[in-house]
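Results of the structural survey
What follows is the residue order along each chain.
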Number of protein chains: 2
Amino acid sequence: MTKEFLFEQIQQKQSFLCVGLDTDINKIPVHLLELEDPIFEFNKQIVDATKDLAVAYKPNIAFYEAMGAKGWESLEKTIDYIPKEIFTIADAKRGDIGNTSALYARAFFENMDFDSVTVAPYMGSDSVKPFLQFKDKWVILLGVTSNEGGKDFQFLEADGKPLYQHVMATSKAWGSDQNMMYVVGATRPEYLTDIRKTIPDHFLLVPGVGAQGGDLQEVCKYGMNSQCGLLINSTRGIIYASNGVDFAEKAREEALKLQQEMSLLVQSI
Amino acid sequence: MTKEFLFEQIQQKQSFLCVGLDTDINKIPVHLLELEDPIFEFNKQIVDATKDLAVAYKPNIAFYEAMGAKGWESLEKTIDYIPKEIFTIADAKRGDIGNTSALYARAFFENMDFDSVTVAPYMGSDSVKPFLQFKDKWVILLGVTSNEGGKDFQFLEADGKPLYQHVMATSKAWGSDQNMMYVVGATRPEYLTDIRKTIPDHFLLVPGVGAQGGDLQEVCKYGMNSQCGLLINSTRGIIYASNGVDFAEKAREEALKLQQEMSLLVQSI
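Not measured: the values here are computed from a predicted model.

In this section: the UniProt feature "active site" (unreviewed entry) in chain A. According to UniProt, the positions carrying the feature "active site" (unreviewed entry) are Lys93(A). Here Lys93(A) is to be found in strand S3 (residues 87-94). With relative accessibility at 8%, the residue Lys93(A) sits in the buried group. In this structure, Lys93(A) is in contact with Asn60(A), Thr118(A), Val119(A), Ala120(A), Leu142(A), Lys93(B), Gly95(B), Asp96(B) and Met123(B), ignoring residues within four places of it in sequence.

As structure tokens, this is what we get:
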């Protein structure tokens, strides 16, 4: 998917919502467990209920890997089911030496038709570049993560700036704002001003709104740019809004609240 | 597996060789392609031919993921096939927020019976600790990687020492030398002296000997400790020594060369 197409979708839907599909067999409604593929059935109903409100879906791959080969099949069916005009993110946080990263890229971009993969930066350029060889596919590189442990290394100062700023400043030359985005946790909106000095035009994938305590208005105030530049992810607050037979309906209600809040913000661009 | 048991195996086999199982459908002998599961059949024959010479096997998970659900099945069969006294490494380079890392841990430690997983450090403590909750299972954290891009961030200096030293110094408190190892590329043996000051007792997983140009004698000179403390990985030089019907035999010959070189080094401990 191109950046222009993504921005068009954001304008059409008045939304920059990404719904996380961290589908856990232990958390989904029990009535689904009788079906042949409960994980896919759950995802299907969530997608049906939210696809006019979301511009992106983000399955976290760990949830599928934890189910073995069967989980992998549920993931493949899910990605095939999501409408093509919706941006898809394999939240995999991969990264390996060049020939190996190329295989991960093949797994997510060819075998499955994901639009993007999250990648960890520690191994540097040749671990990231193989993902950038695919037309209209994206790398979403970890920048500032929303978890507590994010502070352990990402804020170490080298040459007067924190590691995450080095990651952004160095890596932006590996691709462009047409094929790279960055993860910036919503729990750290105070860093967005500086981040926008380094990468004014890139899209940011922002997890941590909702369950993790991030604030949508704050994130937009400091992080939004002229092409929106933000994908705000919400997972638990939407997909686990109810664990009854009404789970999809309740998921839609929660997604709608966020979309309505986003609508005003999109209009202000 | 305990550290003591691993060291016993090293002494018995006079070897600290780890064989990488980066099994690529495009590189294995063509006569295997007629079989139902060529990837597993290749691994099985490599394991049969080298299991008395190797103390560890390391499948790189990307090679299996690139095959989809079927690849995942080949991986499961492979890990079941490897004798229990041999240390197994899921070279996955995973790492995510806590509840998600716990799922990766479940995938590799419970669904499959791997002894260890490689983990990327960028997301910090809560991305690593869930892997340390499993008895006799190991985290192998990326320290200094052997690829060219390893220089991009791992050598950034913060407070007078490079990032990889911060990673080692901080992370060693999350576990102990009984459940953590570190990846240190053989292409950078000059750093081993300093690394041993920070983590004198931990095992190091050392890729990059052979195809990538690392030197076994140099690595041992600076990296070996009183319990060996090294697992030296070789992949392409062994498993792709021949792509004919004699591939397993040739793999054994290459593994034997390394084991014989290692034998003298183990005797010197």
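Take the sheet that holds S3(A) next. Residue and element names in this part refer to chain A. Pairing is parallel around the closed barrel formed by eight strands, whose spatial order is S1-S2-S3-S4-S5-S8-S9-S10. Strand after strand, the sheet turns through a mean of 30° between neighbouring axes, direction not considered. Pairing of strand S5 (residues 138-144) with strand S8 (residues 180-184) involves five bridges; the strand directions are parallel. Within the sheet, the bridge partner assigned to Ile-140 lies in S8 and is Met-181. Here helix H8 (residues 163-171) sits on the sheet in contact with S5 and S8, set at roughly 155° to S5. In the packing of helix H10 (residues 216-223) onto the sheet, contacts are made with strand S9 (203-206) and strand S10 (230-234), and the angle to S10 comes to roughly 160°.

With that settled, consider the nonpolar core. Side chains that are nonpolar tend, in soluble globular proteins, to be buried together. Among the nonpolar cores identified, the biggest contains 201 residues, and Phe16(A), Phe87(A), Phe108(A), Phe16(B), Phe87(B) and Phe108(B) are the most heavily contacted of them. With sequence-adjacent residues up to four places away left out, Phe16(B) is seen in contact with Ile10(B), Val55(B), Leu216(B), Cys220(B), Met224(B), Cys228(B), Leu230(B), Leu231(B), Ile232(B), Met262(B), Leu265(B) and Val266(B).

Attention shifts here to the packing of helix H2 (residues 38-50) of chain B against helix H4 (residues 68-81) of chain B. All names here are of chain B. Here H2 crosses H4 at 20°, and the two axes come no closer than 9 Å. It follows from the interaxial angle that H2 and H4 lie roughly parallel. As for how H2 packs across H4, the hand of that crossing is right-handed. When H2 is examined against H4, the residues Ile-39, Phe-40, Asn-43, Lys-44, Val-47 and Asp-48 are found in contact with a partner set consisting of Ser-74, Lys-77, Thr-78 and Tyr-81. Looking at the contact of H2 with H4, its residues break down into four nonpolar, three polar and three charged.

Turning next to the sheet that holds strand S3 (residues 87-94) of chain B. Residue and element names in this part refer to chain B. With parallel pairing, the eight strands of this closed barrel are ordered in space as S1-S2-S3-S4-S5-S8-S9-S10. Geometrically, the sheet is characterised by an average inter-axis angle of 30° between neighbouring strands, direction not taken into account. Two strands pair when backbone bridges link them, and strand S1 (residues 17-20) and strand S10 (residues 230-234) are joined in this way by three bridges, in the parallel orientation. Bridge pairing in S10 places Val-19 opposite Ser-234. Helix H1 (residues 3-13) rests against S3, strand S5 (138-144), strand S8 (180-184), strand S9 (203-206) and S10 of the sheet, and its axis sits at about 55° to S9. Running over the sheet, helix H5 (residues 98-111) touches S3, strand S4 (116-119) and S5 and is turned about 155° from S3.

This paragraph deals with the interface of chain B and chain A. Contacts between the two partners involve 54 residues from chain B, matched on the other side by 54 residues from chain A. Carbon and sulfur atoms supply 60% of the area buried between chain B and chain A, which totals about 4,700 Å² over both sides. Together, Glu65(B), Tyr122(B) and Phe153(B) form the three largest contributors to the area buried by chain B at its contact with chain A, with a combined 19%. The tally of links from chain B across to chain A stands at four salt bridges. A salt bridge links Asp96(B) to Lys93(A); the shortest N-O distance between them is 2.9 Å. One can count 27 residue pairs in polar contact (both at pLDDT 80 or more) joining chain B with chain A. With seven residues, H5(B) is the single largest residue contributor to the side of chain B that touches chain A. Its residues placed into classes, the side of chain B that touches chain A shows 24 nonpolar, 17 polar and 13 charged.

Our next topic: the relation of the copies chain B and chain A. Placing chain B over chain A gives an RMSD of 0.0 Å and needs a rotation angle of 180°, together with 0.0 Å of translation along the axis. The relationship between the two copies is best expressed as a two-fold rotation axis. Taken together, the interface assignments show that 100% of the residues at the interface of chain B recur at the interface of chain A, consistent with an identical surface on both copies.

Moving on to the environment of Ala173(B). All names here are of chain B. Mapped onto the elements of the fold, Ala-173 is located in the loop between helix H8 (163-171) and S8. Look at Ala-173 and you get exposed, because its relative accessible area is 66%. Considered as a pair, Ala-173 and Ser-125 are 48 residues apart in the sequence and their alpha carbons are 9.6 Å apart.

A word on the side chain of Lys93(B). Here Asp91(B) takes part through its side chain, which lies 2.8 Å from a polar atom of the side chain of Lys93(B). Non-local contacts of Lys93(B), meaning those with residues more than four positions away in its chain, are made with Lys93(A), Gly95(A), Asp96(A), Met123(A), Asn60(B), Thr118(B), Val119(B), Ala120(B) and Leu142(B).

Here we come to the pattern of salt bridges. Here the structure, examined in full by the defined rule, presents 32 salt bridges over all chains. We note a salt bridge from Asp113(B) to Lys137(B), for which the minimum N-O separation is 2.7 Å. Here Lys137(B) lies in the loop between helix H6 (125-128) and S5 and Asp113(B) lies in the loop between H5 and S4, a separation of 24 residues in the sequence. For Asp113(B), a relative accessible area of 35% corresponds to the partly exposed category. The class for Lys137(B) is buried, based on a relative accessible area of 10%. Salt bridges here are not isolated pairs; linked through shared partners, they connect Lys58(A), Asp91(A), Lys93(A) and Asp96(B).

Cut-off values and rules
- Residues numbered from 1 in each chain as written.
- Chains lettered and ligands numbered in written order.
- Predicted model: local features only at pLDDT ≥ 70, side-chain atom pairs only at ≥ 80, totals over all residues.
- Heavy atoms only, no water.
- UniProt positions renumbered as here; feature names shortened; annotations may be inferred.
- Helix = DSSP H or I, 4+ residues; strand = E, 2+ residues; numbered from the N terminus.
- Buried < 20%, exposed > 50% of the residue type's maximum accessible area, 1.4 Å probe, protein only.
- Contact = heavy atoms within 4.5 Å.
- Pairing = 2+ DSSP bridges.
- Axes fitted to C-alpha atoms, helices over the stretch in contact; angles between N-to-C directions.
- Core = buried A, V, L, I, M, F, W, Y, C linked by side-chain atoms within 4.5 Å.
- Parallel < 35°, antiparallel > 145°, perpendicular 65-115°, else oblique.
- Left-handed = near helix turned anticlockwise from the far one by under 90°.
- Nonpolar A, V, L, I, M, F, W, Y, C, P; charged D, E, K, R; others polar.
- Buried area = accessible area lost by both parts, 1.4 Å probe.
- Salt bridge = Lys/Arg side-chain N within 4 Å of Asp/Glu carboxyl O.
- Polar contact = N/O pair within 3.5 Å; in protein donor to acceptor, adjacent residues only side chain to side chain.
- Least-squares fit on C-alpha atoms with pLDDT ≥ 70 in both.

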